[in-house]
Amino acid sequence: MDETAIRRALTRIAHEIVEKNKGIDDCVLIGILTRGIYLARRIAERIQDIEGKPVEVRELDITSYRDDRKASVDANVEVAAVIGDLNGELFSAHDKKVILCDDVLFTGRTIRAAMDALMDRGRPQSIQLAVLVDRGHRELPIRPDYVGKNVPTSKQEQIDVSLAEIDLKDQVMIIHQRGQV
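Residues numbered from 1 in each chain as written. Predicted model: local features only at pLDDT ≥ 70, side-chain atom pairs only at ≥ 80, totals over all residues. Heavy atoms only, no water.

Visitor: What am I meant to see in the pairing of strand β4 (residues 97-105) here?
Guide: Two faces belong to every sheet, and in a regular strand the side chains alternate between them. For β4, a buried count of nine out of nine residues is recorded, marking the element as mostly surrounded by other parts of the structure. Sheet topology note: the β4/strand β5 (residues 126-134) ladder contains eight bridges and is parallel. Paired with V104 across the bridge in β5 is V133. Taken together, β4, helix α3 (residues 109-119) and β5 constitute a β-α-β crossover, and its handedness is right-handed. (Buried < 20%, exposed > 50% of the residue type's maximum accessible area, 1.4 Å probe, protein only. Helix = DSSP H or I, 4+ residues; strand = E, 2+ residues; numbered from the N terminus. Pairing = 2+ DSSP bridges. Right-handed = clockwise from strand over helix to strand, strands pointing away.)

Listed below in structure tokens is the structure:
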């Protein structure tokens, strides 16, 4: 995907979110760090263009909820996901229509960790998932509600998402097992 394809995919996702939720009342976009937050912000900009009013955007760090990474903290110390905004306000997911945003959906473990973190912040009215790329190979029964592009891959391939906010360009590439594009 090039810059134009990414822009079109995010615009389509924004329209689908507005349509499915019959507007944006009680909706909050939560971007999973790192690239998910930039995608959430871009989708929010498009939703504001469509609806004429802003939608809340938060960011979520799910590191402490991951089950596939070694804990770097003492097991007796309670760790919490960081769900914040620019002002550092505390967030409650209670009765919100939460739309999780991430760049690539693969095994589903990141999304499971994000849902665990959200449930610790109240009971959302619903949790929806928007991803730029769905590459398949799920290990958990997780399905996205909004997909920019389905990209069938082998397990030996990787999807590399570059966003201008971090990588100075927008593109999605398949990286083959030997590092060749």
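Visitor: Please explain the pattern of salt bridges as it appears in this structure.
Guide: Side chains that differ in sign of charge can pair as their charged atoms come close. In this structure the tally under the stated criterion is 14 salt bridges. Among the salt bridges present, the one from E16 reaches R12, with a minimum N-O distance of 3.8 Å. Taken together, the residues E16 and R12, both in helix α1 (residues 3-20) and four residues apart, mark about one turn of the helix. As a salt-bridge pair, R41 and E59 come within 3.3 Å of each other at their nearest N and O atoms. (Salt bridge = Lys/Arg side-chain N within 4 Å of Asp/Glu carboxyl O.)

Visitor: Is there a simple way to explain the packing of α1 against helix α2 (residues 35-51) in this structure?
Guide: Helix-helix packing is described using two parameters, namely the angle between the two axes and the distance between the axes. The N-to-C vectors of α1 and α2 enclose an angle of 60 degrees; their axes lie 9 Å apart at closest approach. With respect to α2, the element α1 is oriented oblique. Taken as a pair, α1 and α2 cross one another with a handedness that is right-handed. Contacts from I6, R7, L10, T11, I13, A14, H15, I17 and V18 in α1 reach L39, R42, I43, R46, I47, I50 and E51 in α2. Among the residues making up the contact of α1 with α2, the classes are represented as 10 nonpolar, two polar and four charged. (Axes fitted to C-alpha atoms, helices over the stretch in contact; angles between N-to-C directions. Parallel < 35°, antiparallel > 145°, perpendicular 65-115°, else oblique. Left-handed = near helix turned anticlockwise from the far one by under 90°. Contact = heavy atoms within 4.5 Å. Nonpolar A, V, L, I, M, F, W, Y, C, P; charged D, E, K, R; others polar.)

Visitor: I tried to follow α2 on my own but got confused; where do I start?
Guide: One turn of an α-helix holds 3.6 residues; hence residues three or four places apart share an orientation. Counted at 1.5 Å a residue, the expected span for α2 with its 17 residues is 24 Å, and the 24 Å between its end C-alpha atoms agrees. G36, I37, L39, A40, R42, I43, A44, R46 and I47 are the residues of α2 that are buried. Structurally, α2 contributes buried residues whose contacts are with α1, β1 (27-32), β2 (56-61), β4, β5 and α4 (164-167). With its phi angle positive at about 80 degrees, G52 sits one or two positions after the end of α2. (Expected span 1.5 Å × (residues − 1).)

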